[in-house]
Amino acid sequence: MALPAKEIILEFVQETNERTQRVGNNLMLIERGAANKEVVDELYRDMHTIKGNAQLFGFVQIGQIAHAMETCLDPMRRNE
């Protein structure tokens, strides 16, 4: 049985809020120079998931922002 649209959107918002909080925490670690590979990988995974979920629901701008953040993280993931 499919969930009503309102419940699906609320689930998206709740999950995205949790990921966004973790993204913020990880960005602060990077800013302080206290990040390691695991932090950068977690940040990338969160952005990738936000992008995918946003695209699934048709939230194009959120998906574009998440994609841009992924692209910015690529050099860090390659230690460049």
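Up top is the structure these notes are about.
Residues numbered from 1 in each chain as written. Predicted model: local features only at pLDDT ≥ 70, side-chain atom pairs only at ≥ 80, totals over all residues. Heavy atoms only, no water.

**Describing the environment of Val39**
Then step 1. Tracing the sequence through the fold places Val39 in helix H2 (residues 37-57).
Then step 2. Overall, Val39 belongs to the buried group, its relative accessible area being 12%.
Then step 3. Considered as a pair, Val39 and Ala54 are 15 residues apart in the sequence and their alpha carbons are 22 Å apart.
Then step 4. Sequence-distant contacts of Val39, that is, excluding residues within four places in its chain, are made with Asn26 and Leu29. (Helix = DSSP H or I, 4+ residues; strand = E, 2+ residues; numbered from the N terminus. Buried < 20%, exposed > 50% of the residue type's maximum accessible area, 1.4 Å probe, protein only. Contact = heavy atoms within 4.5 Å.)

**Points about the packing of aromatic side chains**
Then step 1. Under the counting rule described, the total for this entry stands at 3 aromatic pairs.
Then step 2. Geometrically, the ring pair formed by Phe12 and Phe57 is tilted, given 5.3 Å between the ring centres and 50° between the ring planes. Note that Phe12 is positioned in helix H1 (residues 5-32) and Phe57 in helix H2, a separation of 45 residues in sequence.
Then step 3. Residue classification places Phe57 among the partly exposed residues on the basis of a relative accessible area of 30%. (Phe/Tyr/Trp six-rings, centres within 6.5 Å; stacked < 30°, edge-to-face > 60°.)

**Remarks on H1**
At 3.6 residues per turn, the α-helix brings residues three or four places apart onto the same side.
Then step 1. Under the 1.5 Å per step criterion, the end-to-end length of H1 is 40 Å for 28 residues, consistent within 8% with the ideal 40 Å.
Then step 2. The complete set of buried residues in H1 reads Phe12, Thr16, Arg19, Val23 and Asn26.
Then step 3. Lining the buried residues of H1 we find H2 and helix H3 (60-77).
Then step 4. A positive phi of about 80° marks Gly33, the residue just after H1. (Expected span 1.5 Å × (residues − 1).)

This is a description of form; function is not addressed.
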